[in-house]
Amino acid sequence: MNVIAIFDVGKTNKKLFLFDEQYRVVAEQSESFAAVKDEDGDDCEDLERMTEWVRESLARVMARRDVRVRAVNFSAYGASLVHIGMDGKPVAPLYNYLKAYPEALKRRFYETYGGEVTLSMLTASPVLGSLNSGMQLYRIKYEQPELFDRIRYSLHLPQYLSYLLTGTAVSDITSIGCHTNLWNFPKRHYHEWVYREGVVEKLAPIVPSWTAMKADGVMVGVGLHDSSAALIPYLQSFQESWVLISTGTWCISMNPFNDSPLTAGELQQDCLCYMSYEGLAMRASRLFAGYEHEREVRRLAEYFQCTPAAAAGVRFDAECVAALRARGAGAALRDVVPGKASVFGERDLKEFGSFEEAYHCLMMYIMDQQVRSTSLVLHDTDVRRIFVDGGFGKNEVYMHLLADAFPELKVFAASIPQATAMGAALAIHEDWNKGLMPAEMIELKAYSPA
């Protein structure tokens, strides 16, 4: 049986999937690694262990007699650089993208290159410190100049994983174009600062995201940023314009049909641009709603003396929503601010008579934030459908509230097994699979306004 092996590397779980030629998962495994410390004592990824896992896992799969691995590709989280030296080996830790960024250095950078507003608008990158991966290189240059000199290439994580197999260092636009501060979107090349600071010399040549190279008889893709990979099944399946809300810790609204320039106000509300695997800019917005949901459900469970799992059993109650609205629930709105939650956390739980009532109120506040966030990518487009995948796609309270909030649009919960991994497989379809792409990859469930 011919298969493609896909390494889907998240912050918490690292997974390996085998897909057959009909894109059915025929095997999978999962691994997680304990964090290690960088030179400052901050948590970071265990890069050595990850490297060993990729090599060892692939070797085991290649040794199997029941499958023939025709290709390998990678999807991984963004904002993370692996710095390799002339010998091709890492010369620095895989720094955590949540690592605190020195304020003085950040101020110096933005003062030198036109200010926060101007640079953010050109690079479609909100000011996010280490989450702007280009800023990690800028920091190394000024805080660790000897390390900077030792770096031959700084590869985003998906491209480093590909490099382990091919030995060829490349860059990919889905990683470069994801809030890195590196890419000038209007001019479609690196921003001026990348050249002036000599950072461009540390960046490998850019190749198309669907590139695959032969290594040991197997076609190896160059890897993709996970959010861009997750879009590929939708881009292949639906021609009419749509927005995808990919839900997890972050709820990311992505509109591949909107490439309009961002305003300063939109950037301040965590609106940004991603790049599709075809190299096209797409407007996106982020909301920290999954994190808020998890935290507040724990608070509700403690107060009402039940388990957090009770949230999964709450059925949508339109009458409860109407009563809460009559009492002003969800009325105290604040603009979407990066990393900030709604104001539900300020509510006194004594107001509620049951876990179910409080949970509906929580979801109403989250939906107020979601509507504002998603609207940032909807305006001035003819989008007719919203797809929701991930955890909230299985949450009927969220889905009914979303349908109520956008009555003019068709709202669907979308289910696709392992969308990110499948997207990475589809990206190099022609290099390993002689069959057609599957016609129906995505299962949809429609929701209507109550």
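See the structure above.
Residues numbered from 1 in each chain as written. Predicted model: local features only at pLDDT ≥ 70, side-chain atom pairs only at ≥ 80, totals over all residues. Heavy atoms only, no water.

1. Let's talk about the layout of surface pockets
In this structure, the largest pocket encloses a volume near 1,500 Å³. Of all the elements in the fold, those that place two or more residues in the lining of the largest pocket are strand 1 (2-9), helix 9 (226-237), strand 16 (242-247), strand 17 (251-255), strand 20 (385-390), strand 21 (410-415), helix 15 (419-427) and strand 22 (443-447). For the lining of the largest pocket, a count of residues per class yields 18 nonpolar, 17 polar and nine charged. Taken as a whole, the second largest pocket spans an internal volume of roughly 280 Å³. Looking at the second largest pocket, the residues that line it are T247, G248, T249, G290, Y291, H293, E294, G391, F392, K394 and N395. When residues in the lining of the second largest pocket are grouped by element, the largest group, four residues, is from helix 11 (residues 289-304). Its residues assigned to classes, the lining of the second largest pocket shows two nonpolar, seven polar and two charged. (1 Å grid on protein atoms, 1.4 Å probe; cavity = no way out; pocket = protein on both sides within 12 Å on 5 of 7 lines; lining within 4 Å. Points joined across faces, edges and corners; volume = space filled by probe spheres on them. Helix = DSSP H or I, 4+ residues; strand = E, 2+ residues; numbered from the N terminus. Nonpolar A, V, L, I, M, F, W, Y, C, P; charged D, E, K, R; others polar.)

2. With respect to the nonpolar core
By size, the foremost hydrophobic cluster in this structure holds 45 residues, and its most contacted members are Y359, Y398 and L402. Looking at which element gives the most residues to this core, the answer is helix 13 (residues 355-378), with twelve residues. Beyond its immediate sequence surroundings of up to four residues, Y359 is in contact with H293, V297, L300, A311, V314, N395 and V397. (Core = buried A, V, L, I, M, F, W, Y, C linked by side-chain atoms within 4.5 Å. Buried < 20%, exposed > 50% of the residue type's maximum accessible area, 1.4 Å probe, protein only. Contact = heavy atoms within 4.5 Å.)

3. Describing the pattern of salt bridges
For side chains of opposite charge, pairing can occur when their charged atoms come near one another. Counted by the stated rule, this structure contains 21 salt bridges. Measuring nitrogen to oxygen at the nearest pair gives 2.8 Å for the salt bridge that ties E197 to K141. Here E197 is found in the loop between helix 8 (192-196) and strand 12 (206-207), whereas its partner K141 is found in helix 4 (residues 133-143), with 56 residues between them in sequence. Overall, the relative accessible area of 7% leaves E197 in the buried class. One salt bridge connects E240 with R385, and the closest N-O pair in it is separated by 3.8 Å. Taken together, the positions of E240 in the loop between helix 9 and strand 16 and R385 in strand 20 put the pair 145 residues apart, joining distant regions of the chain. (Salt bridge = Lys/Arg side-chain N within 4 Å of Asp/Glu carboxyl O.)

Coordinates in, geometry out; function isn't part of it.
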